[in-house]
Amino acid sequence: MSSITTLKYTLQLADNVLIMGQRLAAWCGKGPVLEQDIALTNISLDQIGQARSLYQYAALIINNMPAADKAHLFNAPLLQEKINNQHTITEDDLAYLRDAWDFRNCLLVEQENGDWAYTVARSFFFDRFQYLLYAALQKSMDSTLAAIAEKSLKEVQYHIKWASEWVIRLGDGTAISKEKMQQALQARWEYTGELFAMNAIEQAAMQANIGVDVSSLQQAYQQQIEAIVNEASLQMPTAAWMQTGGKNGVHTEHLGYMLAEMQYLQRAYPNMEW
Amino acid sequence: MTQVSFEASFQKKIDEEIMIEPQDYMPDEYRKTLIRQISQHAHSEIVGMLPEANWITRAPSLRRKAVLLAKVQDEGGHGLYLYSAAETLGITRDQMLHQLHTGAAKYSSIFNYPTITWADMGAIGWLVDGAAIMNQVPLCRTSYGPYARAMVRVCKEESFHQRQGYEIMLSLAKGTPVQKQMAQDALNRWWAPALMMFGPLDAVSPNTAKSMEWRIKRFTNDELRQRFIDVTVEQIRILGLELPDANIKWNEERGHYDSSELNWDEFWNVVKGNGPCNKERLATRVKAWEDGAWVREAASAYAEKRKTKKAA
Amino acid sequence: MSNENKEWPLWEVFIRSKAGLDHKHAGSLHAADAQMAIESARDVYTRRMEGISIWVVESKHIHASNPEEAAAFFDPAQDKIYRHPTFYNLPDELKHM
């Protein structure tokens, strides 16, 4: 079993939570009510924490890899140069020096915050997937991934509660909130298909018994989502076509802008300690 | 009991350091002063989230991003504790927010300055939170119970805020030449505004005397400002940065550092609304509130429906 | 101002920490209903993992004793000093009491 598989799989998991945490962090100071500002930033902190654990693990794997295996890992000159010059790679190198085509997060997490309904919809769809994913990942033969999954699962249980309750509150609140929530669910649904479409990395990870067969999670996901949508007295959204590509490095236009903002300091002042 | 004896026993409590609680008798002026002071303190925390929240998505490392997010979140929490304390005096949070949004209430002017480099995150945590701590610690023993208890909670959480700011400055000051320059630049820009956080000179502060009698204020503006300068000059030396004011000099006779007169023109103008970011800060808060109206209404409507369902 | 009368009610929060024996008043917050109040309490008042049990009560349902009557209400207990453990003079060798 190659450590490249573990590395790439870990990076994919990390990218999802980093991008999601980054999106939620942008709400700080701007929520509809102070208490919810604090709730959202709690979720963001959890996700950034998960990202850090995963990137740290990925960095460890890289640092322990033989030079030949890591000679062409990334399309990122600064990062690849560090790797080739035997520098110790850190979580920040991975988060700050890769360009969009090296990121493997799903398209869902890079979608814009929009208004409260759009943010709730994105969390509702993503966190429910994370819940099923981490529950399964606890059984990974890779003990680090299993441990991260177990710890993260506790956090995600709270996240799905938060998101589901808001879907219900908005769906069964006022006529305006019902319309907005329905619209948001409809707009973001087309990004959920990708979550369950296994890419090559996930296939390899599954074969190696370290990764989850996400396609097997889809039925439970559908049922659980539907249950909440019904309780919210909303309609299940439909999609004529599911958008994909993020998991293979083909992103929407959003990610480029996100990374430009996130990474600018490290790019403008390379090789410095912060 | 006559009005005079109500007031006498009220002042007696204060003099004996017995806390005044929400249902106790209190003079109207005391209540009004407290509402103004506590609510403006709360507004400062909320508006104060914005200059730093600015940099969360651009923090240069994951650790810095997480710590900054936690700090700004804390500030939201502090605002919340303070709004809650003010509500015990007979004003609602919505009324206080309305005062903020219409400009009827003020917030600390320091937050009307822009955060234009990463080093500003260090300067703010170190200087701005540092000045706030100096104001806040004495308030832990202020006369009004809910306010004092809120301040105890705030002070406990505040200690990591200043440390994280100073740590950022340390990283930069001990880093590459351009990072050191970034730190110096931030110190130079935030120094005077931080000193202005202690308010106008004692000589032109009319409310101070009464506030001190009521133990709403424990030390004068100038006392606190001097204490801050004395403490911070040492911290600047440890960083190895240059003093931001050429006139800072130890005065053996006074036992304190002398420093330049502050630009009071600038101070009053920023208070009046002419600071670099006054309009933006308020506009951001007003927008967040207005954009969120449908969300708050939906939650209320949902709660109402549940109540009716239960009763049925 | 649009929703003066739709303001979310105020709730008082009481928390019992892991090592604690009783719920202590932590502060207050606004929430639309009890469920949200408990979750917000967890977000706001247990960010440093201080809580293990959270109680929330709408502020309007709290009834407090009248401070004016404090003398009549509480002073009699002051006279009954035999209720205080330090009242009793016990030999030093006596342990565990």
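Parameters at a glance
Residues numbered from 1 in each chain as written. Chains lettered and ligands numbered in written order. Predicted model: local features only at pLDDT ≥ 70, side-chain atom pairs only at ≥ 80, totals over all residues. Heavy atoms only, no water. Helix = DSSP H or I, 4+ residues; strand = E, 2+ residues; numbered from the N terminus. Rg over C-alpha atoms; globule rule 2.2 N^0.38 Å. Buried < 20%, exposed > 50% of the residue type's maximum accessible area, 1.4 Å probe, protein only. Contact = heavy atoms within 4.5 Å. Areas by Shrake-Rupley, 256 points an atom, 1.4 Å probe, with all protein chains shown as cover. pLDDT = per-residue confidence, 0-100. Phe/Tyr/Trp six-rings, centres within 6.5 Å; stacked < 30°, edge-to-face > 60°. Lys NZ or Arg CZ within 6 Å of the ring centre and 35° of its normal.

1. Quick word on the overall build of chain B
Secondary structure summary: chain B contains twelve helices and two strands in total. Ordered by position in the sequence, the α and β elements of chain B form the string α-α-α-α-α-α-α-α-α-β-β-α-α-α. Scaling as 2.2 N^0.38, a compact globule of 312 residues should have a C-alpha radius of gyration of about 20 Å, and chain B matches this with 21 Å. Each principal axis of the C-alpha atoms in chain B carries an extent, and together these give about 70 × 50 × 35 Å. Looking at chain B residue by residue over its 312 residues, the buried ones come to 57%. Across chain B, contacts joining residues at least 24 apart in sequence account for 75% of those joining residues at least 6 apart. For chain B, the accessible surface area stands at approximately 13200 Å², while carbon and sulfur atoms represent 55% of it.

2. Concerning the confidence of the model for chain B
Of the residues in chain B, 99% reach a pLDDT of 70 or more, and the chain-wide mean stands at 93. Of all secondary-structure elements in chain B, the lowest mean pLDDT belongs to helix H1 (residues 3–15) of chain B, at 84, while helix H7 (residues 177–196) of chain B reaches the highest, 98.

3. Describing the packing of aromatic side chains
Under the defined criterion, the tally for this structure stands at 22 aromatic pairs over all chains. With a centroid separation of 5.6 Å and an interplanar angle of 85°, the aromatic rings of phenylalanine 129 of chain A and phenylalanine 196 of chain A are classed as edge-to-face. Linking phenylalanine 129 of chain A in helix H6 (residues 116–137) with phenylalanine 196 of chain A in the loop between helix H8 (175–189) and helix H9 (200–207), this pair joins segments that are 67 residues apart in sequence. When sorted by exposure, phenylalanine 129 of chain A lands in the same class as phenylalanine 196 of chain A, which is buried. With a centroid separation of 5.2 Å and an interplanar angle of 75°, the aromatic rings of tryptophan 264 of chain B and phenylalanine 267 of chain B are classed as edge-to-face. Here phenylalanine 267 of chain B and tryptophan 264 of chain B lie together in helix H10 (residues 264–274), a separation of three residues that amounts to about one turn. Overall, phenylalanine 267 of chain B belongs to the buried group, its relative accessible area being 8%. Just above the ring of phenylalanine 219 of chain B sits the side chain of arginine 227 of chain B; from NZ or CZ to the centre is 4.7 Å. The positively charged end of arginine 296 of chain B is found above the aromatic ring belonging to tryptophan 289 of chain B, 3.4 Å away from the centroid.

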